[in-house]
Amino acid sequence: MWICKTPLRASFFGGGTDYPSYFNSRPGAVLGGTIDKYVFIQALPLSPIAEQKFRVTYRATESVDEVDAIKHPVIREALKLYGWHEPLNIATMSDLPGGTGLGSSSAFTVGFINLLHQMRGCELTRYELARHAIDMEQVVLKEKVGIQDQVHAAFGGFARYEFNGGSISIEPLRLTTHRLALFNASLLLVYTGAQRNSSDVTAEQQDRTVAGLNLSYLNEMYEMTKVAARILESDGDDLAALKRFADLLDHGWKLKRQLGVTVSNSSIDEIYMAGKELGAWGGKLLGAGGGGFVLFMADPSLHPLFSRRFGAGNVIPVSMVTGGSVVLQVN
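Values in this document were obtained by computation on a predicted structure and should not be read as measured data.

(A) Molecular detail of the overall build of the chain. Within the chain, the regular secondary structure consists of 11 helices and 12 strands. Scaling as 2.2 N^0.38, a compact globule of 331 residues should have a C-alpha radius of gyration of about 20 Å, and the chain matches this with 20 Å. Each of the three principal axes of the chain carries a C-alpha extent, and together these read 65 × 45 × 40 Å. For the chain, with 331 residues in total, the buried portion stands at 53%.

(B) Fine view of the sheet that holds strand β11 (residues 315–317). Spatially, the 4 strands line up as an open sheet ordered β9-β10-β8-β11, and their pairing is antiparallel. Each edge of the sheet is formed by a strand with only one pairing partner; in this case those strands are β9 (282–285) and β11. Within this sheet the neighbouring strands show an average axis-to-axis angle of 25°, counted without direction. Summarising the sheet, strand β8 (residues 187–191) and β11 pair through 3 bridges and their orientation is antiparallel. Among the inter-strand pairings, Val 190 is bridged to a residue of β11, identified as Val 315.

(C) How the structure looks around the packing of helix α3 (residues 104–119) against helix α4 (residues 126–140). Two numbers describe how α3 lies on α4: the axes approach to 9 Å, and their chain directions differ by 120°. When the interaxial angle is binned, α3 and α4 end up oblique. Where α3 crosses over α4, the two elements pack in a sense that is right-handed. Across the interface between the two elements, Ser 105, Ser 106, Thr 109, Val 110, Ile 113, Asn 114 and His 117 from α3 touch Leu 129, His 132, Ala 133, Met 136 and Glu 137 from α4. Taken together, the residues that form the contact of α3 with α4 break down as 5 nonpolar, 6 polar and 1 charged.

(D) Focus on the pattern of salt bridges. Across all of its chains, the model carries 13 salt bridges by this definition. Linking Lys 80 and Asp 68 is a salt bridge whose minimum nitrogen-to-oxygen distance equals 3.2 Å. Highlighted residues: Lys 80 in helix α2 (residues 73–81) and Asp 68 in the loop between β4 (61–64) and α2, separated in sequence by 12 residues. Given the relative accessible area of 42%, Lys 80 is considered partly exposed. Between Asp 238 and Arg 179 there is a salt bridge, with the nearest N and O atoms lying 2.8 Å from each other. Within this pair, whereas Asp 238 is found in helix α9 (residues 238–256), its partner Arg 179 is found in helix α6 (residues 177–186), the two being separated by 59 residues in sequence. For the pair shown, Asp 238 and Arg 179 are each scored as buried. Linked through salt bridges whose partners overlap, the residues forming this network are Asp 68, Arg 76, Glu 77 and Lys 80.

(E) Geometry of unusual backbone geometry. Positive phi, close to 55°, is recorded for Lys 142, a residue that is not glycine. For Lys 142, the position within the fold is in the loop between α4 and α5 (148–155).

(F) Structural detail: the packing of helix α8 (residues 215–233) against α9. Running from N to C, α8 and α9 cross one another at 170°; their axes reach a closest spacing of 10 Å. By the angle between their axes, α8 is roughly antiparallel relative to α9. Between α8, through Tyr 217, Glu 220, Met 221, Met 224, Val 227, Ala 228, Ile 231 and Leu 232, and α9, the contact on the second element is made entirely by Ala 241, Leu 242, Arg 244, Phe 245, Leu 248, His 251, Gly 252, Leu 255 and Lys 256. Classifying every residue of the contact of α8 with α9 by side-chain character gives 12 nonpolar, 2 polar and 3 charged.

The rules behind these values
Residues numbered from 1 in each chain as written. Predicted model: local features only at pLDDT ≥ 70, side-chain atom pairs only at ≥ 80, totals over all residues. Heavy atoms only, no water. Helix = DSSP H or I, 4+ residues; strand = E, 2+ residues; numbered from the N terminus. Rg over C-alpha atoms; globule rule 2.2 N^0.38 Å. Buried < 20%, exposed > 50% of the residue type's maximum accessible area, 1.4 Å probe, protein only. Pairing = 2+ DSSP bridges. Axes fitted to C-alpha atoms, helices over the stretch in contact; angles between N-to-C directions. Parallel < 35°, antiparallel > 145°, perpendicular 65-115°, else oblique. Left-handed = near helix turned anticlockwise from the far one by under 90°. Contact = heavy atoms within 4.5 Å. Nonpolar A, V, L, I, M, F, W, Y, C, P; charged D, E, K, R; others polar. Salt bridge = Lys/Arg side-chain N within 4 Å of Asp/Glu carboxyl O.

Next up, the structure:
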């Protein structure tokens, strides 16, 4: 059996500038990183005499004899693209549900491509893995997605990524151990109760970007990735630095809400305002918008107040982690 473990991500600044509609004509950048929540994919080669050649388990269960009959688009197209024909049992699981702004779709794509190559004895570089996943989603599946999620899942860690035409550069964030520990202790997610398809949400935003209506917002959001990195890497009091970062995060969320009418709604706005009233330093909705998780930064002593206000099952502490997608073989 082969098992792939791929981290989900939290994006703090720059979301929207990672789309070709923006970075093909000017630099784009995101600041974010992988968190301690994962997508898991298990693959077990089957005997040639298996009743069905391919068994796929996710939200649905499929048993088919031909790759073309598989309904899961990433699994079907990846098996076709990389020429996999042997019988295979595939099962997927995730720490948190998909469609919640944590990059789970791209994490799955990265993970499955990584898994197929490792099973064949071919180890892609992190850059190759990200590029394969980007091509799968944008070219093969023709999805309207950015490229930060694939890069986060492939490389892992807490970093600022810059995109300029066809190039990607990586600037790992340099935090002291103490500052990173305080940063992680402040983080928590609050579930809005809604899931959505990111491609549907971003369609309007991309139309506005192409028309130039979001240009000033996105330009400022790009510059904020530089300011945020400087804040986290600055000398001085750790708590004061985190509060400055959170203030900037709050401003970034206000800008993001201007990108399109699908970004937020009254329910999301109420959750955000309630979190600020409970004492959060700052926060934002993760992902394209319309649902998923709101991320807050708040003093750890206040976290129980969030659980009481929103329900313990809807409040999830998270931490930044190093490392991207990994594959293990279980004998």
